[in-house]
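# Residue-level structural notes
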Amino acid sequence: MSLNQCQFIGNLGRDPEVRSFQNGNKVCNLRLAVSERWKDRNTGEQRERTEWVSVAIFSDGLIRVAEQYLRKGSKVYISGKMVTRKWQDQAGQDRYSTEIVLQGFDAKLVMLDGPQGTRGQSQENNGFGGRGGGYGTQGGYGAGGIDDEIPFAPEVRI
């Protein structure tokens, strides 16, 4: 038995890039900055290291959410599979790219800071058409109920 699942929380380094294939399918590419912070034992200084994660979204519903609501700097949680693909550059040399792929029933994208500072917006693709959920008590949803002026519904059917 094996498991291929990666989870990250980070900020987008640029706006989502959506491309269409000749067959009509789409892909949305994200660049996610994932930072790690610690205090140096020797100097007492705060240190930080940032890793850049490439994300490819193939689920139509998640592509629509990313395209409509995500922008450079958006904080998101993603869960998907790690995939390495082989390709050739212009000189004919083999190259490899590793990315996190969001596709299928276990793909997950959670907007951690939505429009006007709302928090906890979630979109999932569960293989049965997708659903929204995961509203926290921070921000627009939670104990106060749903605000009619928020631009997306608490449950989305795709």
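Here the structure is shown first, and the text comes after it.
What comes next concerns the included structure.

What follows covers the pairing of strand S2 (residues 17–20). Two elements, S2 and strand S3 (residues 26–39), share four bridges in a ladder whose sense is antiparallel. Paired with Arg19 across the strands is Val27, a residue of S3. Taking the residues that link successive antiparallel strands as the turn, the S2-S3 hairpin has five residues, and the phi of Gly24 there is positive, at about 95°.

So, on to the nonpolar core. Across soluble globular proteins, nonpolar side chains have a tendency to be buried as a group. Counting 22 residues, the largest nonpolar core has Leu32, Val55, Ile57, Leu70, Ile78, Leu102 and Leu109 as the members making the most contacts within it. Here this core takes five residues from helix H1 (residues 60–69), the largest share from any one element. With near-sequence residues (within four places) excluded, Val55 lies in contact with Cys28, Asn29, Leu30, Leu32, Ile78, Ile100 and Leu102.

With that out of the way, let us pick up the pattern of salt bridges. Counted by the stated rule, this structure contains eight salt bridges. Note that Arg95 and Asp89 form a salt bridge whose closest N and O atoms lie 2.9 Å from each other.

Definitions and limits used
Residues numbered from 1 in each chain as written. Predicted model: local features only at pLDDT ≥ 70, side-chain atom pairs only at ≥ 80, totals over all residues. Heavy atoms only, no water. Pairing = 2+ DSSP bridges. Helix = DSSP H or I, 4+ residues; strand = E, 2+ residues; numbered from the N terminus. Core = buried A, V, L, I, M, F, W, Y, C linked by side-chain atoms within 4.5 Å. Buried < 20%, exposed > 50% of the residue type's maximum accessible area, 1.4 Å probe, protein only. Contact = heavy atoms within 4.5 Å. Salt bridge = Lys/Arg side-chain N within 4 Å of Asp/Glu carboxyl O.

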